[in-house]
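Residue strings, one per chain:
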Amino acid sequence: MTDKPPEPTLSPPSKPVTLQDWESVIDDFQHGGARRHRWTSAHSILIDQALSCLNKREFPLKLQLIVFLEEFSDPLFTSDPDSLPKNLHRLIETLRALIQTPADGVHVTLALKEQTMLSVTAIVIAADYMLDGLVELLLTVVNRPNHGVDRQARALACECLRELEKSYPCLLSDIGGHLWSLCQSERTHAAQSYILLFTTVVHNIVAKRLGVSILNTTVPLVPFSAPQVLVNGSGKEGSGGLNYKELRRAMSFLLEWPQVLTPCGMVEFLDLIMPVAMALELQASMLKVQFFGMIYSSDPLLCHVVLTMYRPFLDAFDGQEGQIASRLMLLSRETQQHLVFRLLGLHWLLGFGELVLRREVRKVKGIVDMGLRFYPSVFDPLALKALKLDLLEFCSVCVDMLKLEGVSGEGKGNDKLVVKVFKDGLVSVSAFKWLPPHSTETAVAFRTLHRFLIGASSHLDDDPSTTRSLMDSTTFTSIQGMLVDLMLEYRRLVPVIVALTDRLFGCQKHRWLGERLLQSFDQHLLPKVKLDYTLVSFFPVFDKIAESDTIPPQGLLELLTKFMAFLAVKHGPYTGLRSWSQGSRVLGICRTFLMHHHTSRLFLRLSRLFAFTCLYFPDLEVRDNARIYLRLLICVPGKKLRDMLNLGEELGISPSALPSFNIRSPLSADNLKKSKGISSYIHLERVIPLLVQQSWSLSLSSFGFGNHETGYPEGIRDSEPMIEESEIDSSGNIQVTPQTERIDRSHEPLRVMDAKISEILVTLRRHFSCIPDYRHMPGFKVRISCSLRFESETLSRIWGLDYPTDVLDELDALPALYATVLNFSSSAPYGSIASFHIPFLLGEPTRKIDISDQAAALAIVSVENGSREDESFRAPVMIELEPREPTPGLIDVSIETNAESGHIIRGQLHSITIGIEDMFLRAVIPPDVPEVASRGYYLDLFNALWEACGNSYTGRETFPLKGGKGVAAIAGTRSVKLLEVPASSVIQATERHLAPFVVSVTGEPLVNAVKDRGIIRDIIWRDDASDSSLDIAGSSTDFDRGPLHLTYTDDIDERDSTVNIRKKNMGCFHILIFLPPRFHLLFEMEVCDYSTLVRIRTDHWPCLAYTDDYLEALFLA
């Protein structure tokens, strides 16, 4: 309530307080809060008014008022320490006046007197301010034995004195003789309180070891004064010895009075008397004779009294363990007893059995014999069944221990007995098989399973040998098989069994039992499950198996792969979300594998599962997730992969401990400064270095030559719509041109072609029809293989990255880059270059080499091993170009990536150089040419292109390209290059760099030298030049002739040129190179012993500018 509570309406002390005022005060104190707080300043007034009201004879709220003072004694009396003695004295005087007032049954009743005694005693004890007057007043009430009217008040006064004795030990030690006399005189039911009071006094005297006389009555009972030992020594232990003679007489007297005690009184009496008996070194048989018969009582508390005596006096009850166990078992069977007492009897039996087992294993055999026949009944309450099953489990543990002691019989028989006991015991709770998993009966059944599983391997026992022996026991094996059968038959119990394994894993000692259980599930459950939609019921178990790194993952991964195939096959229009749901759960299990296993154990099978899911699974989201997992599996190493897959809540770290991504903008001055030198520690390098580092590029587009639309020389142009396709007559010798073409080409003379030229044109048309027109469809791709790496130490230093130094694996301490994007651009005619994405890249470790160590400096390191080591720190990068002209150039590279700390790193890397050799591709084979005929096709194409580039017969021919919209023409040119290189160097260089482009080798010496090496294959071999189908150079080739003389002139063909070539001519290499988008480069290499003549023909004359440098680097380097 928001309203301000009203101010207290208590009147000044002179004005009497009405009943309504007291009711309001009591209600405010019981409500608490602000309503009680407003009375803080009026505590003394409240006490005065309360005591005044209690002294009024006809005040009706005396009982409520005294209870109010007791309940709130702490704030009322102790808030003002100075007035505490005064208030307590007034309170005691009020009690004295009330006791001395005769009871009239209306205004002053016995109940009021009794309650006032209790409340005043409680207030004094709570205030911790002892007053002799209160003790004297209570002793006055007590000192009237056998007075029948106030016997209840006298018993209550004894209880108040006993509480004061407990709070202030030995308070009544000087008047022990008077109390003994009162006990002997009292004959009413209040005698129990007198006996307990006297017993408490004796107990404290023995505990404090005071040398007082228990028979002395010289000290008067009234008036009472506190003993000096309590006043001077503050209740500490006395220096004198005990008066054993008198104390033994007191004990003998007390042991004669148990018959007057109630069961509850007997419990308290025995709790006080046993320490006294042990201190006085009394014989335990005295207590046994006096109290052991109570074990047969129908009152459970009296049974508890006997059990309380058993523990400190084990020897006195030797040989009677069977009687005690039999009585406790009978107590649990008494159906007339309350359920709580039957349960208590079983608890006592279990505790009693453990006491006997700890003392001597052999003595527990009698309890075991009884317990093994003590099966739970079907109609027993569930709580009673649970305790009876616990008793059976205890008996099974005892059987194993008796077997170790050699008490029981054959070991195998005992194992079978334990298994039988376990299975028979579960019959009483067998309803768990069809009840819901959360039912109480299921909880009881699996609680029993857990207890039988751990057996004698207690949580308090640190010995691991018990766990190891348990894993090899028959009981554990039987329970394993039972759990497998339960999961196969009752799939709803799978989560409960998983909870059982979780409970085992939660204990450091029993986690090996959980591991063994999961191993048995992997061995016996996986082969038996059915491959259908019900397999999803076992996913909780599969997830636990995936978490265990001690179980090989092969079996489960194969099963999951088959299940994904099943889902893909069964998917249909009525499947609904089932494929998505179950496929996602399979990926969740795969994620668990990645979190808990080394990727080397998983890579093969898990990558197959992910790959199959990416290709064939019907749900798009599952396919995308599988693709992400596959990419992470391939790219990211183990620990960093687990960190990426882990969730923040699973790591157990607060959000403040996670890496902060609230960083500066990537365009800030600090980041721009750091990004300027990024190329010094992040490197993009070619995998295969260039033979020629071209520093210039020749492109005629800048000079205005060629096709103005494309900007490149000899570009592709669209075919003219008015020109019809050429027709060749049946003789094949004459090409007939339509009239429209003759009209458009009136200035061109008629062309007469022989069969050879016609065949050449057919071959060329067939070839050009396979070349795509890059203006209307994707052209040929040129792929440049590169690798990206970065220096860990430099990156960490510049960007302020801190990494742990105390990790076991060096790779875990290395920095990494995530989600790297490489963007490419070039001024060369390479078309649009796609960006390249790298999901993960690990930094190169710092190589620490002691240069002063001469042995280390001169050590020989295997190049292959070093390259393998570096591969894990390099990301392969493939640059795809679609050249519009075969020319060298530079590719500018920019990078954008993310560090683990959240920094976004952007910058420019060193450019990648593109050489003429990067443009070398094999000519495409038409789809109708079989593989076995490819060698002949390549040779025919070489012959046709050699002829087309060497004469003018095909100069005006146009060849339609793939797509039917563009045509191309051939404008050939030629060149020649003499290389003073030995034949062996030419052969090695050709095999290493030009082997894919060789279409024919002629000449027996060269054929023998090349063919035996086995590097150049699937080509045409010509041992004799006369067998060659080529008529190149228009003259016969004689390999045994003398030196060849070539003369270079401006107007004479290269075949008429003469150059001195010494030694024997071995043969020729014929090489066909395709230059995208549609050009060709042809080599004919005449190889001699110490020189080689290279004849060059091409339909793209600018490439000759780079060919000369390339040949020199190829053969002369």
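Undergrad: When you look at the overall build of the protein chain in this model, what are you seeing that I'm missing?
TA: Looking only at helices and strands, the protein chain has 43 helices and 18 strands in total. In the protein chain, the share of contacts with a sequence separation of at least 24, taken over all contacts with a separation of at least 6, comes to 71%.

Undergrad: Looking at this model, I keep getting lost on the sheet that holds strand β5 (residues 782-790). Mind explaining?
TA: Strand pairing within a sheet occurs via backbone hydrogen bonds; the two strands may be parallel or antiparallel. Pairing in this open sheet of 3 strands is antiparallel, and the strands run β1-β5-β8 from one edge to the other. Among the strands making up the open sheet, the edge pair consists of β1 (682-686) and β8 (875-881). Across this sheet, the average inter-strand angle for adjacent strands is 30°, counted without regard to direction. Examined bridge by bridge, β1 and β5 share 5 bridges and lie antiparallel to one another. When the sheet's bridge partners are listed, Leu 684 is paired in β5 with Leu 788.

Undergrad: Before we go on, may I ask you to explain the nonpolar core in this structure?
TA: Note on soluble globular proteins: their nonpolar side chains tend to be buried together. Grouped together as the largest cluster of nonpolar side chains are 219 residues, with contacts concentrated most on Trp 22 and Phe 521. In contact with Phe 521, not counting residues within four places along its chain, are Leu 483, Val 484, Met 487, Ile 497, Thr 501, Leu 526, Val 541 and Ile 545. One finds Tyr 681, Val 782, Ile 879 and Leu 1075 within the second-largest nonpolar core, a separate group that totals 72 residues.

Undergrad: How do you make sense of the side chain of Ser 73 when you look at a structure like this?
TA: Looking at the element boundaries, Ser 73 is found in helix α5 (residues 73-77). What makes Ser 73 buried here is its relative accessible area of 10%. Among the polar contacts listed, one links the side chain of Ser 73 to the backbone oxygen of Glu 70, at a separation of 3.3 Å. Aside from chain neighbours lying at most four places away, what touches Ser 73 is Thr 78, Ile 123 and Ala 126.

Undergrad: Can you help me understand the packing of aromatic side chains in this one?
TA: The description of two aromatic rings rests on the distance between their centres and on the angle between their planes. Considering all chains together, one arrives at 25 aromatic pairs under this definition. Here the aromatic rings of Phe 610 and Tyr 629 are separated by 5.7 Å at their centres, their planes lie at 20°, and the arrangement is stacked. Placement of Phe 610 in helix α30 (residues 599-616) and of Tyr 629 in helix α31 (residues 620-635) is noted, with a sequence separation of 19 residues between them. Considered together, Phe 610 and Tyr 629 belong to a single accessibility category, that of buried residues. Where Phe 768 meets Phe 959, the ring centres are 5.1 Å apart and the plane angle is 10°; that geometry is what we call stacked. With Phe 768 in helix α36 (residues 755-768) and Phe 959 in strand β11 (residues 958-960), this pair connects stretches of sequence that are 191 residues apart. Taking the ring centre of Phe 505 as reference, the NZ or CZ of Lys 544 above it sits at 5.4 Å. We note Arg 578 situated over the ring of Tyr 533; from NZ or CZ to the ring centre the distance is 4.2 Å.

Undergrad: Any chance you could explain the pattern of salt bridges here in plain terms?
TA: One side chain can pair with another of opposite charge once the charged atoms of both are near each other. With the rule as written, the count across this model stands at 39 salt bridges. When the shortest N-O distance is used, the salt bridge between Arg 447 and Asp 390 registers 2.7 Å. With Arg 447 in helix α22 (residues 440-454) and Asp 390 in helix α20 (residues 382-405), this residue pair connects regions lying 57 residues apart in the sequence. The salt bridge partner of Glu 896 is Arg 906, with a shortest N-O separation of 2.9 Å. Here Arg 906 lies in strand β10 (residues 904-914) and Glu 896 lies in strand β9 (residues 889-899), a separation of 10 residues in the sequence.

Undergrad: What is the right way to read helix α29 (residues 578-596) from this model?
TA: Given 3.6 residues per helical turn, the α-helix brings residues three or four places apart onto the same face. Taking 1.5 Å per residue as the helical rise, α29 with its 19 residues ought to reach 27 Å, and the 27 Å between its terminal C-alpha atoms agrees with that figure. Listing the buried residues of α29 in full gives Ser 579, Gln 582, Gly 583, Val 586, Leu 587, Ile 589, Cys 590, Arg 591, Thr 592, Phe 593, Leu 594 and Met 595.

Undergrad: Would you take a moment to explain the sheet that holds strand β18 (residues 1092-1098) for this structure?
TA: If you walk across this open sheet you meet the 6 strands as β13-β18-β17-β16-β14-β15, and the pairing is mixed. The sheet terminates laterally at β13 (973-979) and β15 (1020-1022), the two strands that pair on one side only. Strand-to-strand twist across the sheet, computed as the mean angle between neighbouring axes with direction ignored, equals 15°. Where strand β17 (residues 1079-1088) meets β18, 7 bridges bridge the pair, whose relative direction is antiparallel. Bridge pairing in β18 links Glu 1084 to Arg 1095. Across the face of the sheet, helix α42 (residues 1004-1011) comes into contact with β14 (998-1002), β15, β16 (1065-1075) and β17 while running at roughly 65° to β16. Lying over the sheet, helix α43 (residues 1104-1115) contacts β13, β17 and β18, oriented at roughly 25° with respect to β13.

Undergrad: What exactly am I supposed to notice about the pairing of β17 here?
TA: Successive side chains on a regular strand alternate, one facing one side of the sheet and the next facing the other. Counting buried positions along β17 yields 10 of 10 residues, so the element is predominantly enclosed. Residues Phe 1079, Leu 1081, Phe 1083, Met 1085 and Val 1087 line one face of β17 and the alternating positions His 1080, Leu 1082, Glu 1084, Glu 1086 and Cys 1088 line the opposite face, and both faces are buried. Pairing geometry for β16 and β17, over 10 bridges, is antiparallel. Looking at β17, one finds that Ile 1071 is bridged to Phe 1083. Where β16 folds back on β17, the antiparallel hairpin that results is connected by 3 residues. If you look at the hairpin formed by β17 and β18, you'll find 3 residues sitting between the two strands.

Undergrad: What's the story with the confidence of the model for the protein chain in this structure? I'm lost.
TA: With 80% of its residues at a pLDDT of at least 70, the protein chain reaches an overall mean of 80. Of all the helices and strands in the protein chain, strand β4 (residues 735-736) carries the lowest mean pLDDT, 35, while β14 carries the highest, 95. When the criterion is pLDDT under 50, residues 649-667 qualifies, and its contacts beyond four places in sequence or with other chains add up to 19 contacts. Confidence drops under pLDDT 50 across residues 700-714; counting only partners more than four residues distant or on other chains, this segment forms 28 contacts.

Undergrad: In this structure, what is going on with the packing of helix α28 (residues 554-570) against α30? I would like to understand it.
TA: Any two packed helices are characterised by how steeply their axes cross, that is the angle between the axes, and by the distance between the axes. Taken N-terminus to C-terminus, the directions of α28 and α30 make an angle of 10°; their axes are 10 Å apart at the nearest point. The orientation of α28 with respect to α30, classified from their angle, is roughly parallel. Of the residues in α30, those touching α28 at Gln 554, Leu 557, Glu 558, Leu 560, Thr 561, Met 564, Ala 565 and Ala 568 are Leu 602, Arg 605, Leu 606, Leu 609, Phe 612, Thr 613 and Tyr 616. Classifying every residue of the contact of α28 with α30 gives 10 nonpolar, 3 polar and 2 charged.

Undergrad: Is there a simple way to think about the environment of Tyr 1090 in this case?
TA: Looking at the element boundaries, Tyr 1090 is found in the loop between β17 and β18. Taking the C-alpha atoms as reference points, Tyr 1090 and Ala 983, 107 residues apart in sequence, are found 5.9 Å from one another.

Undergrad: How do you make sense of the environment of Lys 530 when you look at a structure like this?
TA: Following the sequence through the fold, Lys 530 ends up in the loop between α26 (511-525) and α27 (539-547). Residue Lys 530 is classed as exposed on the basis of its relative accessible area, which comes to 62%.

Undergrad: Looking at this structure, I do not really get unusual backbone geometry. What am I missing?
TA: Negative phi characterises most residues that are not glycine, and trans characterises most peptide bonds. The residue after Val 222, namely Pro 223, is reached through a cis peptide bond having omega 0°. Position of Pro 223 relative to the elements: it lies in the loop between α11 (191-208) and α12 (228-233). Following Pro 1076, the chain continues to Pro 1077 via a peptide bond in cis, the omega torsion being 15°. Position of Pro 1077 among the secondary structure elements: in the loop between β16 and β17. The phi angle at Arg 209 is positive, at roughly 55°, despite the residue not being glycine.

Undergrad: What am I meant to see in helix α15 (residues 284-291) here?
TA: Taken residue by residue, α15 has Ala 284, Leu 287 and Phe 291 as its buried positions. Each buried residue of α15 lies within a common arc of 65° when the element is viewed along its axis, so the set occupies one face. Close packing links the buried residues of α15 with α14 (263-279) and α16 (300-310).

Undergrad: Looking at this model, I keep getting lost on the side chain of Glu 991. Mind explaining?
TA: Position of Glu 991 among the secondary structure elements: in helix α41 (residues 983-994). We classify Glu 991 as buried; its relative accessible area is 7%. When neighbours within four sequence positions are excluded, Glu 991 is seen to be in contact with Val 1010, Arg 1013, Ile 1015 and Ile 1016.

Undergrad: Help me out: how do you make sense of the environment of Asp 892 in this one?
TA: One can find Asp 892 in strand β9. Separated by 17 residues in the primary sequence, Asp 892 and Leu 909 have C-alpha atoms spaced 7.5 Å apart. Look past the residues within four positions of Asp 892 in its chain and what remains in contact with it is Asn 823, Phe 824, Ser 825, Gln 908 and Ser 911. For Asp 892, the side chain forms a polar contact with the side chain of Ser 911, separated by 2.9 Å.

Scoring rules and cut-offs
- Per-chain numbering applies: the sequence of each chain, read as written, is numbered from 1 onward.
- It should be noted that, the model being predicted, local features are given only for residues of pLDDT at least 70 and side-chain atom pairs only at 80 or more, the latter also being counted only at that level, while totals for whole chains, interfaces and linings use all residues.
- Side-chain descriptors were evaluated using all non-hydrogen atoms of the structure, hydrogens and water having been removed beforehand.
- Under the scheme used here, helices are H or I runs from DSSP no shorter than 4 residues and strands are E runs no shorter than 2 residues, and both carry numbers assigned from the N terminus.
- By the convention used here, residues are in contact when the closest approach between their heavy atoms is within 4.5 Å.
- Pairing between two strands is assigned when DSSP locates at least 2 bridges connecting them.
- Structural elements are reduced to axes, namely lines fitted to C-alpha atoms, with helices fitted over the stretch in contact, and the angle between N-to-C directions of any two is expressed from 0 to 180 degrees.
- Among buried residues, those of type Ala, Val, Leu, Ile, Met, Phe, Trp, Tyr and Cys that are joined through side-chain atoms within 4.5 Å constitute a nonpolar core.
- Partly exposed describes any residue whose relative accessible area lies between the buried limit of under 20% and the exposed limit of over 50%, with all areas from a 1.4 Å probe on protein chains only and scaled to the type maximum.
- In protein, a polar contact requires one atom able to donate a hydrogen and another able to accept it; more generally it is a pair of N or O atoms within 3.5 Å, and residues adjacent in sequence count only if both atoms are side-chain atoms.
- Side-chain rings of Phe, Tyr and Trp, where Trp is taken by its six-membered ring, are said to pair if the distance between their centres is within 6.5 Å; with planes under 30 degrees apart they count as stacked, over 60 as edge-to-face, and otherwise as tilted.
- A positively charged side chain is recorded as over a ring if its NZ (Lys) or CZ (Arg) lies within 6 Å of the ring centre. The angle to the ring normal must also be within 35 degrees.
- Counted as salt bridges are all cases of a side-chain nitrogen of Lys or Arg within 4 Å of a carboxyl oxygen of Asp or Glu.
- Any helix carries an expected span of 1.5 Å times its number of residues minus one.
- Values of pLDDT, which run from 0 to 100, indicate the predictor's confidence residue by residue.
- Here the word oblique covers every angle except those under 35 degrees (roughly parallel), over 145 (roughly antiparallel) and from 65 to 115 (roughly perpendicular).
- Basically, the charged four are Asp, Glu, Lys and Arg, the nonpolar ten are Ala, Val, Leu, Ile, Met, Phe, Trp, Tyr, Cys and Pro, and anything else, Gly included, counts as polar.
- The reported arc concerns the directions from the helix axis to the C-beta atoms and nothing else.

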